[in-house]
Amino acid sequence: MTCAKCGRPVSSDEAGLTRKLINRGATEFYCFDCLGEMFHASREKLEDMILAFREAGCTLFL
Ligand SMILES: [Zn+2]
């Protein structure tokens, strides 16, 4: 699984966040850097979002 924009390998957290931010059924995934660029968020902010989703029990971030 690689980033649809820059081609870097995408982690499961990055894939989960792509689903959360773009579309639950997303078939293209993005790395933190490209998600940050698209959503004007820092990497730190994206990681905070993942933590919050995980704490909320979101099944995309087990
Ligand atoms: Zn990327």
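Structure: see above.
Residues numbered from 1 in each chain as written. Predicted model: local features only at pLDDT ≥ 70, side-chain atom pairs only at ≥ 80, totals over all residues.

Student: Could you give me a rundown of helix H1 (residues 12-21), with the residues and numbers involved?
Tutor: By the burial criterion, the buried members of H1 are Glu-14, Gly-16, Leu-17 and Thr-18. On its buried side, H1 packs onto helix H2 (32-39) and helix H3 (43-55). (Buried ≥ 20, exposed ≤ 12 C-beta atoms within 10 Å, placed from the backbone. Helix = DSSP H or I, 4+ residues; strand = E, 2+ residues; numbered from the N terminus. Contact = placed C-beta atoms within 7 Å.)

Student: Would you mind going over the packing of H1 against H3 in detail, with residue names and values included?
Tutor: At a minimum axis separation of 11 Å, H1 and H3 run at an interaxial angle of 80 degrees. Of the possible angle classes, the one that applies to H1 and H3 is roughly perpendicular. Contact residues: Asp-13, Leu-17 and Lys-20 in H1; Leu-46, Met-49, Ile-50 and Phe-53 in H3. Class assignment for the residues of the contact of H1 with H3 results in five nonpolar, no polar and two charged. (Axes fitted to C-alpha atoms, helices over the stretch in contact; angles between N-to-C directions. Parallel < 35°, antiparallel > 145°, perpendicular 65-115°, else oblique. Nonpolar A, V, L, I, M, F, W, Y, C, P; charged D, E, K, R; others polar.)

Student: Would you mind going over the environment of Asp-13 in detail, with residue names and values included?
Tutor: Secondary-structure assignment places Asp-13 in helix H1. Assessed through the 17 C-beta atoms surrounding it within 10 Å, Asp-13 is described here as partly exposed. It is 7.2 Å that separates the C-alpha atoms of Asp-13 and Ile-50, two residues lying 37 residues apart in sequence.

Student: Could you give an account of H3, naming the residues involved and the relevant values?
Tutor: The end-to-end C-alpha separation of H3 is 18 Å, in line with the 18 Å expected for 13 residues at 1.5 Å each. With one of its 13 residues buried, H3 lies for the most part at the surface. Two residues or fewer past H3, Gly-57 is found with a positive phi of approximately 85 degrees. (Expected span 1.5 Å × (residues − 1).)

Student: Would you mind going over unusual backbone geometry in detail, with residue names and values included?
Tutor: In this model, His-40 sits at a positive phi of 50 degrees, which is unusual for a non-glycine residue. Structurally, His-40 is set in the loop between H2 and H3.

Student: Break down the environment of Ala-4 for me, with residues and values.
Tutor: For Ala-4, the position within the fold is in the segment before H1. Once the C-alpha coordinates of Ala-4 and Gly-57 are considered, the two residues, 53 residues apart in sequence, prove to be 27 Å apart. Non-local contacts of Ala-4, meaning those with residues more than four positions away in its chain, are made with Glu-28, Phe-29 and Tyr-30.

These values are about where atoms sit, not about what they do.
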